[in-house]
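# Structural overview for review
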Amino acid sequence: MQCIPRKTLPAALLLCFAANGAMAADAAPNVTAHQAEIDQIVKEISPQRIEGYVRKLVSFGTRHTMSDTVSDTRGIGAARRWIKGELERCGAAAGGRLQVGYDSHVHPVMARLSQPTEIVNVVATLPGTQAESVDRMYVVSGHYDSRVTDVMNATSDAPGANDDASGTAAVIEMACVMARHQFDATLVFMTVAAEEQGLLGAANWAELARQKNWNIAGMLNNDIIGSSRADDGHVDNTQVRLFAEGIPAVKDMSDANRALVATGGENDSITRQLARHIKEVGERYVDKFSVNVIYRRDRYLRGGDHSPFLDRGYAAVRFTEPNEDFNHQHQDLREEGGRKIGDLPEYDDFNYIAQVARVNAASLSSLALAPAAPQQVKVRTAKLDNNTELVWQANKEPDLAGYRIVWRDTTAPQWQGALYVGNTTQYVIPRSKDNFLFGVQAVDKDGNVSVATYPLPQR
Ligand SMILES: [Zn+2]
């Protein structure tokens with residue numbers, strides 16, 4: 001049995017208790033050590049290659065969704081053929097396990113499409129190597145389309161170096177590095193089109209996933225992760241924002257969300273659990289870099305490709321640089337008062353993009369190496385007492401070591417205490433369910449930890 005004290009833990013929480021009648025736990029795997037493989041992946045992410053990808057994407061002139069699809073040098077068609085070729089080249093060099101293809105549909109005329117347009121996502125899938133986990137997928141995306149001031153302008157130069165060649169380059173780099181490694185669960189590296197026309201590419205794939213009932217256990221959107229310089233000129237390359245929604249703003253609340261709200265769990269949605277996990281893992285593996293979780297779906301007036309996933313009930317988050325400079329997004333290239341306006345590569349910071357890619361890669365690796373989050377986690381509430389009895393369904397992974405109960409004050413953002421309880425499916429913790437928020441995590445023999453599952457009440 002083990003207690004993991006945290007620096008932020010109030011003194012009163014530092015004690016761990018052995019519960020009455022609890023079975024003795026096996027030796028706990030070390031869940032806070034660095035995994036050598038994840039360190040290696042983080043180290044392999046290259047700012048130089050990322051810069052090369054961004055400059056190549058910019059070289060297509062415009063990547064507007066309705067731009068030229070025939071030319072080999074200009075327009076969105078050339079861009080997507082190059083992305084596909086690059087992913088295929090990396091996949092082949094890594095041993096041929098990366099499956100690269102197009103996800104395509106023709107979208108009819110709508111407010112932001114003046115003609116029926118083929119919307120093409122480039123999707124690279126790295127299948128998991130564990131039979132029990134191959135169906136569990138983690139998606140990471142960036143959008144490769146670009147725009148200028150007029151969202152319907154498909155011909156003017158729209159370099160989109162930050163929005164969103166930065167996210168696209170990060171996804172290509174992650175695919176190329178991670179394809180050389182093996183993960184229990186499946187990773188999907190996706191560059192999507194028509195984000196600027198209304199999230200059409202991401203929505204098409206998210207809808208396919210929903211219809212096929214795919215188990216998308218987490219979706220990480222990277223959009224505008226290119227610059228460390230704010231509009232007032234100051235540079236901050238030490239953090240990234242991670243937008244994470246709580247309860248979705250829908251008219252009719254689902255029973256699951258009603259149960260969350262009824263038990264004070266509005267900060268324990270699956271998306272917030274994912275964000276909590278990314279913050280913990282990302283900051284562990286990327287030195288001197290913080291993940292600043294923002295309790296919102298997105299910024300005001302803006303949207304992103306995580307939204308279609310959230311709308312279909314999946315956990316989905318968005319990475320964005322800390323301080324945006326709107327002179328370098330969605331702008332016609334021009335000079336104003338001696339100042340250059342436009343989304344040009346000279347305003348990108350390739351070392352910064354690499355740092356954000358490292359946070360993504362560490363989190364995705366950790367998620368895909370770990371067991372699934374425990375299912376059917378319940379807190380028994382049949383009688384009035386000051387203990388917390390948690391029960392859950394057994395995981396099926398063969399490398400499972402056991403489970404870990406985590407808790408925090410109801411006002412705290414991150415887990416404050418943890419107790420490894422061994423390979424059991426129930427545990428009584430002498431700590432009042434009325435006073436803390438709990439979660440249950442699955443842990444494998446190497447110490448890879450799942451996202452926590454929030455317990456719903458059971459009488
Ligand atoms: Zn964007």
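Computed from a predicted model, the values in this text were never measured in an experiment.

What counts, and where the lines are drawn
- Along each chain, residue indices are assigned from 1 in the same order as the chain's sequence is written.
- Local features in a predicted model are, by the rule used here, given only for residues with pLDDT of at least 70; side-chain atom pairs are given and counted only at 80 or more, and totals for whole chains, interfaces and linings are based on all residues.
- Simply put, an axis is a line fit to the C-alpha atoms, just over the touching stretch for a helix, and the angle between two N-to-C directions goes from 0 to 180 degrees.
- In this text, helices come from DSSP runs of H or I with a minimum length of four residues, and strands from runs of E with a minimum of two, each type numbered from the N-terminal end.
- Reported orientations rely on four angle classes, namely roughly parallel under 35 degrees, roughly antiparallel over 145, roughly perpendicular from 65 to 115, and oblique for the rest.
- By convention, the crossing between two helices is left-handed when the near helix turns anticlockwise from the far helix through less than a right angle, and right-handed when the turn is clockwise.
- By the convention adopted here, residues are in contact when the distance between their C-beta atoms, placed from the backbone, does not exceed 7 Å.
- Here the term charged refers only to Asp, Glu, Lys and Arg, the term nonpolar to Ala, Val, Leu, Ile, Met, Phe, Trp, Tyr, Cys and Pro, and the term polar to all other amino acids, Gly among them.
- Paired strands, as defined in this entry, are two strands with at least two bridges between them according to DSSP.
- UniProt positions are given in the numbering used here, feature names are shortened, and annotations may be inferred rather than shown by experiment.
- Partly exposed residues are those falling between the two cut-offs: more than 12 but fewer than 20 other C-beta atoms within 10 Å of their own, whereas 20 or more means buried and 12 or fewer means exposed, with C-beta atoms placed from the backbone.
- We call a crossover right-handed when, viewed with both strands directed away from the observer, the connection leading from the first strand over the helix to the second proceeds clockwise.
- Where each domain starts and ends follows an automatic or database-derived domain assignment.

### Considering the packing of helix H1 (residues 36–44) against helix H9 (residues 350–369)
Where H1 meets H9, the closest approach of the two axes is 9 Å, and the angle between their N-to-C directions is 155 degrees. As far as their axial angle goes, H9 and H1 are roughly antiparallel. Note that H1 runs across H9; the crossing there is right-handed. Of the residues in H9, those touching H1 at Ile38, Ile41 and Val42 are Arg358, Ala361, Ala362, Ser365 and Ser366. Broken down by class, the residue content of the contact of H1 with H9 amounts to five nonpolar, two polar and one charged.

### Quick look at the sheet that holds strand E4 (residues 136–143)
Strand order in the open sheet made by the eight strands is E2-E3-E5-E4-E6-E9-E7-E8, with mixed pairing throughout. A single partner strand is all that each edge strand has here, and the edge strands are strand E2 (99–107) and strand E8 (290–294). With direction set aside, neighbouring strand axes in the sheet form an average angle of 25 degrees. Pairing between E2 and strand E3 (residues 117–126): nine bridges, direction antiparallel. What sits directly across from Gly101, in E3, is Val123. Lying over the sheet, helix H3 (residues 76–93) contacts E2, E3 and strand E5 (186–192), oriented at roughly 10 degrees with respect to E3. In this fold helix H7 (residues 270–285) packs onto strand E6 (215–222), strand E7 (239–244), E8 and strand E9 (316–320), with an angle of close to 165 degrees to the strand it touches most, E8.

### With respect to unusual backbone geometry
A cis amide bond links Asp163 with the next residue in sequence, Asp164, at an omega value of 5 degrees. Among the structural elements, Asp164 can be located in the loop between E4 and helix H4 (165–178). For Ala194, which is not glycine, the phi dihedral falls at a positive 60 degrees. Within the secondary structure layout, Ala194 lies in the loop between E5 and helix H5 (200–211). Although it is not a glycine, Leu301 adopts a positive phi angle of roughly 70 degrees.

### Description of the UniProt feature "domain: Fibronectin type-III" (unreviewed entry) in the chain
The sites that carry the UniProt feature "domain: Fibronectin type-III" (unreviewed entry) are, in the present numbering, residues 373–459. The span residues 373–459 carries 0% helix and 45% strand; its end-to-end C-alpha distance comes to 23 Å.

### Comments concerning the sheet that holds strand E16 (residues 426–429)
Across the sheet, four strands lie side by side as E16-E13-E12-E18; this open sheet has mixed pairing. Because the sheet does not close on itself, it has two edges, and the strands there are E16 and strand E18 (456–458). Within the sheet, the average angular offset between the axes of one strand and its neighbour, ignoring direction, is 30 degrees. Inspection of the sheet shows strand E12 (residues 378–380) paired to E18 by three bridges, in the parallel sense. Of the residues in E18, the one forming a bridge with Lys378 is Leu456.

### So, the pairing of E5
The buried count for E5 comes to seven of seven residues, which makes it a mostly enclosed element. Neither face of E5 is left uncovered, since the one carrying Thr186, Val188, Met190 and Val192 and the one carrying Leu187, Phe189 and Thr191 both have all their residues buried. With H4 bridging E4 and its parallel neighbour E5, the resulting β-α-β unit is right-handed.

### Some words on the domain arrangement of the chain
Accessible area lost during the coming together of the parts is what is often quoted as the interface size. One can read the domain layout of the chain as domain 1 (2–30 + 372–458) and domain 2 (36–369). Taken together, the contact pairs 15 residues of domain 1 with 20 residues of domain 2. Residues belonging to the side of domain 1 that touches domain 2 are distributed by class as follows: ten nonpolar, three polar and two charged.

### A word on the environment of Glu118
Relative to the elements of secondary structure, Glu118 occurs in strand E3. Residue classification places Glu118 among the partly exposed positions, given that 16 C-beta atoms sit within 10 Å. Taking the C-alpha atoms as reference points, Glu118 and Asp231, 113 residues apart in sequence, are found 36 Å from one another. Those residues in contact with Glu118 that sit more than four places away from it in its chain are Ser104 and Val106.

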